[in-house]
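# Remarks on the overall topology
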Amino acid sequence: MSCKLQLASIEELPLLLPLVTAYHEFESIHQTDQYRQKALSDLLSDNSLGGIWLIAQDTHTAGYIALTFGYSIEFGGRDAFIDEFYICPELRGQGLGKKALDLIQAVSKSLGIRALHLEVAHANKRAQRLYTHANFQARSNYILMSADLT
């Protein structure tokens with residue numbers, strides 16, 4: 001099974017929307033289609049914010065991974081969040097997620113990113129195992145906190 005990443009452009013928005021909707025349904029993220037479309041359009045149109053990479057298995061789109069860029073004094077430079085990571089359900093459990101994470105880490109290094117961050121639900125043990133195998137570590141002294149400013 002081959003796996004490759006392709007940086008998405010605004011032209012892939014119609015392909016991305018159903019994948020993002022499926023991810024949001026899986027994670028119980030409640031947003032309107034209009035909200036999702038605007039958020040995706042903004043990210044796809046401004047590479048200083050980050051990017052979305054389509055995950056391809058052979059010739060099929062298997063999912064996507066979205067990075068958003070930031071800067072960290074602690075890590076000594078540019079960092080990024082894996083904001084969303086989705087593999088189609090029928091393709092899970094075949095090693096595709098691990099390959100995609102390896103590839104996005106290589107892409108991130110080539111972009112000068114010094115640290116990657118992500119969040120995972122406490123109940124999602126399967127994803128936690130995947131992330132641990134991809135060298136992500138829980139930072140037990142810290143918790144992620146958010147303030148919604150909308």
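Look above for the structure.
Here we summarise the structure given alongside this text.

What counts and how
- Residues numbered from 1 in each chain as written.
- Predicted model: local features only at pLDDT ≥ 70, side-chain atom pairs only at ≥ 80, totals over all residues.
- Heavy atoms only, no water.
- Buried < 20%, exposed > 50% of the residue type's maximum accessible area, 1.4 Å probe, protein only.
- Helix = DSSP H or I, 4+ residues; strand = E, 2+ residues; numbered from the N terminus.
- Pairing = 2+ DSSP bridges.
- Contact = heavy atoms within 4.5 Å.
- Axes fitted to C-alpha atoms, helices over the stretch in contact; angles between N-to-C directions.
- Expected span 1.5 Å × (residues − 1).
- Arc of directions from axis to C-beta.
- Salt bridge = Lys/Arg side-chain N within 4 Å of Asp/Glu carboxyl O.

### What to know about the pairing of strand S2 (residues 50-57)
For S2, the buried fraction is high: 8 of the 8 residues fall into the buried class. Side chains Gly50, Ile52, Leu54 and Ala56 project from S2 onto one buried face, and the interleaved Gly51, Trp53, Ile55 and Gln57 project onto a second face that is buried too. Sheet analysis places strand S1 (residues 3-7) next to S2, joined by 5 bridges and oriented antiparallel. Its bridge partner being in S2, Gln6 is matched across the sheet by Leu54. Pairing of S2 with strand S3 (residues 60-72), which is carried by 8 bridges, proceeds in the antiparallel orientation. Within the sheet, the bridge partner assigned to Trp53 lies in S3 and is Ile65. The hairpin turn running from S2 into S3, its antiparallel successor, is 2 residues long, and Asp58 in that turn takes a positive phi close to 55 degrees.

### Topic: the environment of Gln6
Note that Gln6 resides in strand S1. Residue Gln6 is classed as partly exposed on the basis of its relative accessible area of 39%. It is 10 Å that separates the C-alpha atoms of Gln6 and Ile104, two residues lying 98 residues apart in sequence. Discounting residues that sit within four places of it in the chain, Gln6 has contacts with Glu12, Ile52, Trp53 and Leu54.

### Looking at the sheet that holds S3
Pairing is mixed across the open sheet formed by 5 strands, whose spatial order is S1-S2-S3-S4-S5. Each having just a single partner strand, S1 and strand S5 (115-117) make up the two edges of the open sheet. Sheet twist, expressed as the mean angle between neighbouring strand axes with direction ignored, is 30 degrees. As paired strands, S3 and strand S4 (residues 77-87) are joined by 10 bridges and run antiparallel to one another. Bridging across to S4, Gly70 finds its partner in Asp79. The strands that helix H2 (residues 33-45) touches are S2 and S3; relative to S2, the one it contacts most, it runs at about 100 degrees.

### Structural notes on H2
Here H2 is 13 residues long and its end C-alpha atoms lie 18 Å apart, about the 18 Å a rise of 1.5 Å per residue gives. The set of residues buried in H2 consists of Arg36, Leu40, Ser41, Leu43 and Leu44. For H2, the angular spread of the buried residues around the axis is 165 degrees, confining them to a single face. Every exposed residue of H2 that faces more than 90 degrees away from the buried side is listed here: Gln34, Lys38 and Ser45. The secondary structure elements touched by the buried residues of H2 are helix H1 (13-26), S2 and S3.

### Some details on the pattern of salt bridges
Counted under the stated rule, the structure contains 4 salt bridges. Arg36 is the partner of Asp33 in a salt bridge, and the nearest nitrogen-oxygen pair spans 2.9 Å. Placement of both Asp33 and Arg36 in helix H2 is noted, with a separation of 3 residues, approximately one turn of the helix. The class for Arg36 is buried, based on a relative accessible area of 7%. A salt bridge links Lys98 to Asp102, with the nearest nitrogen and oxygen atoms 2.8 Å apart. With a gap of 4 residues between them, Lys98 and Asp102 both fall in helix H3 (residues 96-110), about one helical turn apart.

By themselves, these figures tell us nothing about what the structure is for.
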